[in-house]
Amino acid sequence: MNDVVLTGDRPTGPLHLGHYFGSLANRVRLQDLHPMYVLIADYQVITDRDLPGEIRRYTTELLLDYLAVGLDPAKVTIFQHSAIPELNQLLLPFLSLVSVAELRRNPTVKDEIAHSSQSAVNGLMFTYPVHQAADILFCKGTLVPVGKDQLPHLEVARLVARRFNERYGEVFPLPEAMMGAQPLLRGLDGGKMSKSRGNAIALSATEDETAALIRKARTDAERLITFDEERRPEVANLLTLAGLCLGRGPAELAGEIGDGGAVTLKRVVTEAVNEFLRPIRKRRAELAGGDVRRILAEGNERARERAVRTLEEVQAAMGF
Ligand code: ATP
Ligand code: MG
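Residues numbered from 1 in each chain as written. Chains lettered and ligands numbered in written order. Predicted model: local features only at pLDDT ≥ 70, side-chain atom pairs only at ≥ 80, totals over all residues. Heavy atoms only, no water.

The name an unreviewed UniProt entry gives the chain is Tryptophan--tRNA ligase, with Nonomuraea thailandensis as the organism. Of the chain, the UniProt comment under Sequence similarities (unreviewed entry) reads exactly: "Belongs to the class-I aminoacyl-tRNA synthetase family." (UniProt positions renumbered as here; feature names shortened; annotations may be inferred.)

**Quick look at the nonpolar core**
Within the largest apolar cluster, 50 residues are counted, with the highest numbers of intra-cluster contacts made by Leu 17, Tyr 66, Ile 78 and Val 273. Residues lining this core come from more than one domain, with at least three contributed by each of domain 1 (5–185 + 292–318) and domain 2 (205–285). The contacts of Val 273, once residues within four sequence positions are left out, are Leu 17, Ile 201, Thr 210, Ile 214, Leu 241 and Cys 245. (Core = buried A, V, L, I, M, F, W, Y, C linked by side-chain atoms within 4.5 Å. Buried < 20%, exposed > 50% of the residue type's maximum accessible area, 1.4 Å probe, protein only. Domains from an automatic or database assignment. Contact = heavy atoms within 4.5 Å.)

**Looking at the domain arrangement of the chain**
Along its sequence, the chain is carved into domain 1 (5–185 + 292–318) and domain 2 (205–285). Measuring from the centre of the C-alpha atoms in domain 1 to the corresponding centre in domain 2 gives 31 Å. Contacts between the two partners involve 13 residues from domain 1 and, on the opposite side, eleven residues from domain 2. Together domain 1 and domain 2 conceal approximately 1,000 Å² of surface at their shared face, both sides included; 70% is due to carbon and sulfur atoms. (Buried area = accessible area lost by both parts, 1.4 Å probe.)

**Considering the environment of Ala 134**
Secondary-structure assignment places Ala 134 in helix 6 (residues 123–137). Expressed as a C-alpha distance, the spacing of Ala 134 and Pro 93, which sit 41 residues apart in the sequence, is 9.9 Å. Excluding residues that lie within four positions of it along the chain, Ala 134 makes contacts with Leu 87, Leu 90, Leu 91 and Phe 94. (Helix = DSSP H or I, 4+ residues; strand = E, 2+ residues; numbered from the N terminus.)

**A few points about the site of ligand 1**
Around ligand 1 sit 21 residues, and of these Thr 12, Asp 149, Lys 192, Lys 195 and Ser 196 come closest. Interatomic distance of 2.8 Å between a side-chain N/O atom of His 16 and an oxygen atom of ligand 1. Starting from 600 Å² of accessible surface for ligand 1 in isolation, the protein chains cover 96%. Listing elements by their share of the shell around ligand 1, those giving two or more residues are strand 1 (5–9) and helix 1 (17–30). For the shell around ligand 1, the element with the most residues is helix 1, which contributes three residues. Residues of the shell around ligand 1, tallied by class, amount to five nonpolar, eleven polar and five charged. (Near = heavy atom within 4 Å. Polar contact = N/O pair within 3.5 Å; in protein donor to acceptor, adjacent residues only side chain to side chain. Areas by Shrake-Rupley, 256 points an atom, 1.4 Å probe, with all protein chains shown as cover. Nonpolar A, V, L, I, M, F, W, Y, C, P; charged D, E, K, R; others polar.)

**Notes on the pattern of salt bridges**
Counting across every chain of the model gives 24 salt bridges. Ionic pairing is found between Glu 207 and Arg 278, a salt bridge with its closest N-O pair at 2.8 Å. Taken together, the positions of Glu 207 in helix 8 (residues 207–215) and Arg 278 in helix 11 (residues 261–287) put the pair 71 residues apart, joining distant regions of the chain. A relative accessible area of 33% places Glu 207 in the partly exposed class. For Arg 278, a relative accessible area of 39% puts it in the partly exposed group. Taken together, the shared-partner salt bridges connect Glu 54, Arg 57, Glu 61, Asp 65 and Arg 284 into one network. (Salt bridge = Lys/Arg side-chain N within 4 Å of Asp/Glu carboxyl O.)

**Structural notes on the environment of Phe 320**
The residue Phe 320 is located in the segment after helix 12 (293–318) in this model. Linking Phe 320 and Ala 221, residues 99 residues apart in sequence, is a C-alpha distance of 66 Å.

**Considerations on the pairing of strand 1**
Of all five residues that make up strand 1, four are buried, and the element is covered over most of its length. In this fold, the crossover linking strand 1 to strand 2 (residues 36–40) by way of helix 1 has right-handed handedness. (Right-handed = clockwise from strand over helix to strand, strands pointing away.)

**Re helix 3 (residues 85–95)**
Those residues of helix 3 not exposed but buried are Glu 86, Leu 87, Leu 90, Leu 91, Pro 93 and Phe 94. On the buried face of helix 3, the contacting elements are strand 3 (76–80), helix 6, helix 7 (151–168) and helix 12.

Below is the structure:
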């Protein structure tokens, strides 16, 4: 089958190591193999906060992060929700294909509600996974490189595609998630590393900022460093992080650190992360002065053409 790749990020802050090992590394690899769409999910920002905030700045930051890790706009269509009204039109019929009970039991939505600062949960929080089905299906996406938190949303997209095809005739292929080397990288507090939870190491952080963040990371009082995900999740996560950056196994690293304690562990992690990110940060700094937003104008145009065609097909299938 000829795969089409679709994935994306919310413009809520700079991309971090969780993105890299969860999704970005796969994107860079897949861009040479398949047509690829990368979405800056700006409407999704207002699921868990009242205002979009510094959305323009964060959109530019995302573009810089994409280019710095090696996404090539000549191969990849980078676009924004807010530029493609056809996505919102696809949302309406898609909403009719899922039940309220199905929307309510999505575990990622529940987790995001738990971390939200809003006093009340808004309607978009429950319906954005269906909007995301439109994001994936508008380009007939089949491969979706994402982290583990996205698996419930992929199930929604598959459900929507399957039910649409059953009711109206075969239009959509069923998309599949593609996991990266680390489907769930934990942050420095032990929870999911997230842009909006203050626990992330940004790809764009300076070496000193990185060192300061890792210095504050939670560990435990045991001097002998061992890789034990059950009993010592924070230490295990730091070992995992260093291992990913060095291309080595976390247990082997633990053996080398031995009774060096948290101080040695953190030094090893800091050096590994800074070394790994150095070329990415260098490229990012070189790009920062240029006009990256023109990439969006081109990507939006291409994505919109695709979305118009799919919407026409959907409306025809439904008999509108
Ligand atoms: P926010 O806190 O604003 O939701 P985020 O860090 O969760 O930001 P998203 O834009 O929501 O980032 O997610 C973009 C992509 O990165 C998704 O595919 C998601 O699965 C993946 N991803 C995010 N965080 C991690 C992580 N800690 N480990 C692995 N993959 C991740
Ligand atoms: Mg998120």
